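# Descriptive analysis of the structure
Each chain is listed here by its residues.
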Amino acid sequence: MAACGRVQLLLLLTTQFSCVFLTLGLRPQPNVNLHPPLIAINRQLKAGAASSVSQPRRASGWRLAEEEACREDASRHCPKHTWNNNLAVLECLQDTKEEIDISTDCNHLLWNYKLNLTTDPKFESVAIEVCKSTISELKECGEEERGKGYLVSCLVDHRGNITEYQCHQYITKMTSIVFSDYRLICGFMDKCKEDINILHCGSITTGDKDLHSQGEVIACLEKALVREAEQQDQAHQIKDTCKKAIMRVAELSSDDFHLDRYLYFSCRNDRERFCENTQAGEGRVYKCLFNHKFEEAMSEKCRDALTTRQKLIAQDYKVSYSLAKACKADLRKYRCNLDTNLPRAREARLSYLLLCLESAVHRGRMVSGECQGEMLDYRRMLMEDFSLSPEIVLHCRGEIESHCSGLHRKGRTLHCLMRVGRGDKGLIDSLCQNALQALIQSADPGADYRIDRALNEACESVIQTACKHIRNGDPMILSCLMEHLYTEKMVEDCEHRLLELQYFISRDWKLDPILYRKCQNDASRLCHMHGWNETSELMPPGAVFSCLYRHAYRTEEQGTRLTRDCKVEVQRILHQRALDVKLDPELQKRCMTDLGKWCSEKTETGQELECLQDHLEDLVQDCRDVVGNLTELESEDIQIEALLTRACEPVIQSHCHDVADNQIDTGDLMECLVQNKHQKEMNDKCAVGVTHFQLIQMKDFRFSYKFKMACKEDVLKLCPNIKKKVDVVICLSTTVRNDTLQDVKEQRVSLKCRKQLRVEELEMSEDIRLEPELHDLCKKDISRWCSTVMFGNAQVIECLKDNKQHLTHPCHQKVFKLQETEMMDPELDYQLMRVCKQMIKRFCSESDAKNMLHCLKQNKNSELMDPKCKQMITKRQITQSTDYRLNPVLRKACKADIPKFCQNILNKASDDHELEGQVISCLKLKYADQRLSTDCEDQIRVILQESALDYRLDPQLQLHCAAEITNLCAEEAAAQEQTGQVEECLKNNLLKLKNEPCKKEVLNMLKESKADIFVDPVLHTACALDLKHHCAAITPGRGRQMSCLMEALQDKRVRLQPECKKRLQDRIEMWGYAAKVAPAEGFADLAVQVMTSPSKNYILLMIALAVCVLFLVGLLCGRITKRVTRELKDR
């Protein structure tokens, strides 16, 4: 039966010669229309055919056109010059249009004529004569048994190897004669009789069907075969022998569309409309019609016939003559041919061929250009019409009916299914999802976007503008489109089509040809990856890419890494996936529930991932791990966050282009963006994105790559079991501070960690949200007092400081601790460092960071000082004056004096509330008494000098004299000139002060000014020249210069400046009044008053005289009272 099977090939290939005349609009001339050898063939065949006709005729003069049954039909439909040529008449009558009726008797006569041709020994004898040399060359044909038609079948099977022209023409001619009726195909009736009856494909009784119906029978069986693949158990199961016969007929008709009788008659008009200039043969007409299948002018009947043909090609690639021929050598070379011992399965064999050859292409093997061209055509065909994939028809029927009906043409249904698969239109069945994935792998649109017609049409304008520099058809076109996703160059329709396709490409790393080419060796070496078209349950495609990106970001210490080229491609894919959470298969799979629970309303671009990061602590463990790993990866290479990078492009170009150009980003770009977050180039989108990433970093120290790499060992050693970054920073900072205070020889925190810790601390100081504990404790206060203040630039923190007196206890406590830290390390004071940035460069470039504020205070009154910076320095001075703990220099200098003189105040104090300047006031009084240590005295002198110029630096004065300042010194207070005018006003109005606490504070000021003239700026200014002339040799401090001026005032020989003299006289009156209203409270106060009195010498002289008098009186009185009688002496 092997030879009989080959007869089927003969039957479908023989119409080529005859039909060429019809398609070109020509008719064979008598005895001229055929080549000379075929004229002889005709003559030899006529007698054989006529001998079997029911009406006896002379063999030599028998004419088919003269037979009574066909005379009328021949004369009516066939040109007169063909009547003498039986084969020409046969061609003419069997290829008539469907609407033309041929009589039943004529049909019967034609069929018998063809049957006699195929069974007559002369049919074979002609073949032996015409193909003599060919038969001798083809040994297998020479060995065939004669007289049964097997020889011709063998010749047809080897038609491609026949070089003898006459033999080739003969075989072609005979095929067109025989294959116009399925009943003439050897064994076809026997194999398919039962299936024809069951499927009601038509009667097999001779004469019951006209010539057109014979093609319909084949078409009916082909459709049943296709339906069986698409419906499986619901459809009739055709016998395997009949299946083989049907597919064999389809294969044999692949050369010339005339041989597929049903398709030929269905598409004859469409062929003339679309493919008039396409020469028949080698499947060219089929391909032409396939290309025009979805044209509006294409008839539905032809479109259906073409679809059936394409479905058969999907089941067996040999049904496509051009594909089988072009790829024959490559299929053999790469062993893509199926095992002939295996039965034909339901899976699409076209997909097997495509996968096998695509695998060779992706591995860099050579596949002929002709074969690749054919593959491209059929890959495009699969993407255009989903119905060519039986698995999709079978498993996606519900989705198509629910969401995608009426979108059959040009790949729109397939893209609709892809959109359903993305989850944009509801849930999709897993079998349908797998079928879609299999189709995308077979069609491989990632290698050439033009395969996807829907995408190509939607994105044509974008490609021509944004990607015009890339060669047409290059795989990088898809990457280019992804780079422009969500940009102004992207159009909405292209965006949808692109994301729909990328959703499936992202689920199999091999579908990105550039990634596969660069990483196949790494995947094989590191991830145990098999061939391109092979899968493994242990390492599915999604797991391979996860393996690759884990190795991409390994350090040398962590083990084997990817090659540089592969890493670049992995980064490219990660950048693309960051654009849409659905492009990350692992993320979508593990976070489906959490996305629905927490992020259902986050539908804008990039919001879903941000939402998951915001709810990191609330996610289920699997989702939390995936989001955490992705965030950790972003911290190392923020360019993975493509949307953020795109939004920050102006800042990157202006300030961070050096680090952005690095192939390997180790967190430098994000650090640069944070440092330049408030530059003028920074837009809102970039600022929000950078801040969001900073906030996410607070959730886990691993999310800050540079911090993690610098401090990983220190964290494990010093802060184990601490995860949140803010807690880790606090832990390490506390360790560093303690080691510094204790002056340990070797710091426990490594140097590289301390440097990065400083960077992290500075970044955290910029936004209160970066300090979660402070933010949480102060939420109510922020909403009440700082609701209109924008986050960032430490503005909210500054607002809380300004409203510190009104804050709730927990918030106030935390703000105080923050201020204490900032005063110890001014570099952490973001507002100060920002406002005074230029002044720091000008005045304090060489100062240590911890002495920055001190340096700024020293240069505060410089003419070059920026007014805004000066104002900020004053604010910090006011803050320091409220509590000695906020002045670390004072705290250190007066470490022994504070508990010695102010212990009663300390006993009442709490750790988290300001003392409102009480300790400093206490020290001021002791300074006036000259009882402080030298270091402490120096610091108090500075404080006194500063507060004398600005009353706001004296909290006690401001607290107790607020009403008096408002009522008596409003003009001076409003001027804010910081020249001591408010204090001078209060002194001048001392007699008007009724408030005892306020009066006491003013008296204390007077007392302090007696101890040092620098504490009285008005007097010091007035007497500056006199001090220079008369007291230049006097050391400042302890009232010495003030005493010098008083002596000069008393000395009539010295002439002081009028202003100085007037001021001194006023001060003497004030001190006199102070002595009356505030007498000395003890011997110490009395001594101070004496020593600072203008009449100090006189008083001291009087005291000395009094002591002498008392001494003499004592001596005299003692001799009298203690005199002993002589009697007692003599006793």
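Everything below is about the structure shown above.
Quantities reported herein were computed from a predicted structural model and do not represent experimental measurements.

Conventions adopted
Residues numbered from 1 in each chain as written. Predicted model: local features only at pLDDT ≥ 70, side-chain atom pairs only at ≥ 80, totals over all residues. Heavy atoms only, no water. Core = buried A, V, L, I, M, F, W, Y, C linked by side-chain atoms within 4.5 Å. Buried < 20%, exposed > 50% of the residue type's maximum accessible area, 1.4 Å probe, protein only. Contact = heavy atoms within 4.5 Å. Helix = DSSP H or I, 4+ residues; strand = E, 2+ residues; numbered from the N terminus. Polar contact = N/O pair within 3.5 Å; in protein donor to acceptor, adjacent residues only side chain to side chain. Axes fitted to C-alpha atoms, helices over the stretch in contact; angles between N-to-C directions. Parallel < 35°, antiparallel > 145°, perpendicular 65-115°, else oblique. Left-handed = near helix turned anticlockwise from the far one by under 90°. Nonpolar A, V, L, I, M, F, W, Y, C, P; charged D, E, K, R; others polar. Expected span 1.5 Å × (residues − 1).

Counting 107 residues, the largest nonpolar core has Leu350, Leu357, Ile392 and Leu481 as its most contacted members. In this structure, Leu481 is in contact with Cys459, Val462, Ile463, Cys467, Met490, Cys494 and Leu498, ignoring residues within four places of it in sequence.

Bringing the side chain of His484 into the picture now. Topologically, His484 is positioned in the loop between helix H28 (476-483) and helix H29 (492-505). Side-chain polar atoms of His484 contact the backbone oxygen of Cys480, separated by 2.9 Å. Residues in contact with His484, not counting those within four places in the same chain, are Ala466, Lys489, Met490 and Arg646.

Our focus in this paragraph is the packing of helix H30 (residues 513-527) against helix H32 (residues 564-577). Relative orientation of the contacting elements H30 and H32 amounts to 130 degrees, with a least axis distance of 9 Å. On the basis of their axis angle, the class for H30 and H32 is oblique. Between H30 and H32 lies a crossing of left-handed hand. Across the interface between the two elements, Ile514, Leu515, Lys518, Cys519 and Asp522 of H30 pack against Asp565, Cys566, Glu569, Val570, Arg572 and Ile573 of H32. Of the residues contributing to the contact of H30 with H32, the split by class is six nonpolar, no polar and five charged.

What follows concerns H32. For H32, which comprises 14 residues, the first-to-last C-alpha distance of 20 Å matches the rise-based estimate of 20 Å (1.5 Å per residue) to within 8%. Summarising burial for H32: 10 of the 14 residues are buried, a large majority. When H32 is considered as a whole, its buried residues turn out to be Cys566, Lys567, Glu569, Val570, Gln571, Arg572, Ile573, Leu574, Gln576 and Arg577. Tucked into the core, H32 has its buried residues touching H28, H29, H30, helix H31 (541-552), helix H33 (585-590) and helix H36 (621-636).

Among all residues except glycine, the phi angle is most often negative; among peptide bonds, the trans geometry is most common. Here the phi dihedral of Asn793 falls at roughly 60 degrees; this positive angle occurs in a residue that is not glycine. A relative accessible area of 13% places Asn793 in the buried class. At Ala794, a position not held by glycine, the phi torsion is positive, near 60 degrees. Mapped onto the elements of the fold, Ala794 is located in the loop between helix H46 (779-785) and helix H47 (795-802).

Purely geometric stuff here, so don't read any function into it on its own.
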